[in-house]
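Analysis of the macromolecular model
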Amino acid sequence: VQLVESGGGLVQAGGSLRLSCAASGRTFSDLVVAWFRQAPGREREFVAVITWNGDKTYYADSVQGRFTISRDNNKNMAYLQMNSLEPDDTAVYYCAATGVFALVKYRESSEYNYWGQGTQVTVSS
């Protein structure tokens, strides 16, 4: 499975960005898709996850109410709409995927088999 992120960039605090994740190499609807991020000097952290048909989504507390994860299985695409961005949201954002979803482990990066190369998001104050 290949995952390619796009949509990162530089934005002022309070602004919005929409990240995209294009998938290929496997039936997209077989995959649970998540977004993680990693800021300089910090560990990679969970942001959001969406189940196979999009009926369930889960978010990190730090982004709940500001970010929205979605997917379009017909287009093999997943998205992360980020609103009300804050300087602390600055990080490299990664799209990740797995065929297996464990409700108790979805925040753990080790549960995901496939990763994109990342896209930089920088929020200026």
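What counts and how
Residues numbered from 1 in each chain as written. Predicted model: local features only at pLDDT ≥ 70, side-chain atom pairs only at ≥ 80, totals over all residues. Heavy atoms only, no water. Helix = DSSP H or I, 4+ residues; strand = E, 2+ residues; numbered from the N terminus. Buried < 20%, exposed > 50% of the residue type's maximum accessible area, 1.4 Å probe, protein only. Contact = heavy atoms within 4.5 Å.

Things to note about the environment of Gly118
Positionally, Gly118 belongs in the loop between β10 (114–115) and β11 (119–124). Gly118 gets classed as buried once you look at its relative accessible area, which sits at 15%. With 98 residues separating them along the chain, Gly118 and Ser20 place their C-alpha atoms 11 Å apart. With sequence-adjacent residues up to four places away left out, Gly118 is seen in contact with Glu5, Val92, Tyr93 and Tyr94.

What to know about the environment of Ala78
Mapped onto the elements, Ala78 comes out in strand β8 (residues 77–82). You can call Ala78 buried: its relative accessible area is 0%. Expressed as a C-alpha distance, the spacing of Ala78 and Ser110, which sit 32 residues apart in the sequence, is 20 Å. With residues up to four places along the chain from it excluded, the contact list for Ala78 reads Leu19, Ser20, Cys21, Phe28, Val33, Trp35, Ser70 and Arg71.

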